[in-house]
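The chain contents come next:
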Amino acid sequence: HPIAMNWYNNEFFDIWDGFSNGWIQAKSLLQDVAGESDVRIRFVFFSDFSVVYDGVGVDDILIYEPVALDVSPSAINVLPPVGCYGEETISVTILNSGTGNINFAQNPLTVHLQVDGANQQTVTANVNTGTLSSYESMTVLLTVDLSNYGIYHFTASTNLTGDMLALNDTLH
């Protein structure tokens, strides 16, 4: 069985339920099928007829050999999720997608959050202590000014010293 990360928000039923409020990055390690000539990746969507919303989207599928050092932003959330009136906390979930544990004292991490819309800004957070185990995630909190009325768009990116795969370092 592949190792799956961030595929469900309801692990009892192995489903996504409710709203994600944006793109969620999910990953699966397909080490058991390496070298196979006929591998199929399938996505199943089911909905009831009582709620009419956009549904699901799948984008930017990337297949690559795992590397030792690799982090990527996997989710962006406004805390609390309703009402933006000034200084607000944004959480960015960071996933260690690499095969090795990360010691941030040796491999510092910078998380950038670009805010576009009514009050454009860029904020950063530095992580230079602690460790993050392989295929585990952590939350980095950033404070942004959302006091101007309007629509905001967030882009999170990571910069890890020694990161060996830059293709997955940005989340819109």
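Up top is the structure these notes are about.
Figured I'd write up the structure that's included with this text. (Residues numbered from 1 in each chain as written. Predicted model: local features only at pLDDT ≥ 70, side-chain atom pairs only at ≥ 80, totals over all residues. Heavy atoms only, no water.)

**Brief notes about the environment of E136**
What counts here: Numbering of helices and strands runs from the N terminus; a helix is a DSSP stretch of H or I covering at least four residues, while a strand is a stretch of E covering at least two. Under the scheme applied here, a residue whose accessible area is under 20% of the maximum for its type counts as buried, over 50% as exposed, and between as partly exposed, the area being computed with a 1.4 Å probe on protein chains only. The contact criterion used is simple: two residues touch if any of their non-hydrogen atoms lie within 4.5 Å.
Assignment of secondary structure puts E136 in the loop between β8 (131-132) and β9 (137-145). Residue classification places E136 among the partly exposed positions, given a relative accessible area of 44%. Taking the C-alpha atoms as reference, E136 lies 5.6 Å from N96; in sequence the two are 40 residues apart. In this structure, E136 is in contact with I94, L95 and N96, ignoring residues within four places of it in sequence.

**Let's talk about the sheet that holds strand β3 (residues 71-79)**
Basically, it comes down to this: Between any two strands, at least two bridges found by DSSP are needed for them to pair. Axis definition: a line fit to C-alpha positions, over the contact stretch in the case of helices; interaxial angles, taken between N-to-C directions, run 0 to 180 degrees.
Ordered in space as β3-β4-β9, the 3 strands form an open sheet in which the pairing is antiparallel. With partners counted over all chains shown, the strands left at the sheet margins are β3 and β9, one partner each. Recorded for the sheet is a direction-independent mean angle of 25 degrees between the axes of neighbouring strands. Both strand β4 (residues 87-96) and β9 contribute to a ladder of 9 bridges, which runs antiparallel. Among the inter-strand pairings, T89 is bridged to a residue of β9, identified as T143.

**Thoughts on the pairing of strand β10 (residues 152-160)**
Burial of β10 is extensive: 7 of the 9 residues sit out of reach of the surface. Of the pairings in the sheet, the one linking strand β6 (residues 109-117) to β10 comprises 9 bridges and is antiparallel in character. From the neighbouring strand, Q114 faces β10, where its bridge partner is T155. Across 2 bridges, β10 lies against strand β11 (residues 170-171) in antiparallel orientation. Within β11, the residue paired with A156 across the bridge is L171.

**A few points about the pattern of salt bridges**
To keep it simple, the criterion reads: By definition here, a salt bridge exists when the distance from a side-chain nitrogen of Lys or Arg to a carboxyl oxygen of Asp or Glu is within 4 Å.
Under the counting rule described, the total for this entry stands at 1 salt bridge. Residues R40 and D38 are paired through a salt bridge, measuring 3.7 Å at the closest nitrogen-oxygen approach. Overall, the relative accessible area of 60% leaves R40 in the exposed class. For D38, a relative accessible area of 54% gives the class exposed.

**Comments concerning a nonpolar patch on the surface**
Selection rule: Each patch is assembled from residues with relative accessible area greater than 30% and no salt bridge, linking like charges that lie within 9 Å and nonpolar side chains (Val, Leu, Ile, Met, Phe, Trp, Tyr) that lie within 5 Å. Accessibility throughout is a Shrake-Rupley quantity obtained with a 1.4 Å probe, and a residue counts as covered only by protein chains that appear here.
A grouping of L30, V33, V39, I41, F43, F45, V56, V58, I61 and I63 is seen on the molecular surface, where their side chains present a nonpolar patch of about 920 Å² in accessible area. The topology assignment puts V56 in the loop between β2 (27-29) and β3. The class for V56 is exposed, based on a relative accessible area of 57%.

**Describing the sheet that holds strand β7 (residues 121-127)**
Strand order in this open sheet of 4 strands is β7-β6-β10-β11, and the pairing throughout is antiparallel. Where the open sheet ends on each side, the last strands, each with one partner, are β7 and β11.

**A look at the pairing of β6**
For a regular strand, the rule is simple: side chains alternate between the two faces of the sheet. In this structure, β6 lies alongside β7, joined through 7 bridges in antiparallel fashion. In the sheet register, L109 faces β7, and the bridge partner there is V127. Hairpin connection between β6 and β7: a loop of 3 residues separates the two successive antiparallel strands.

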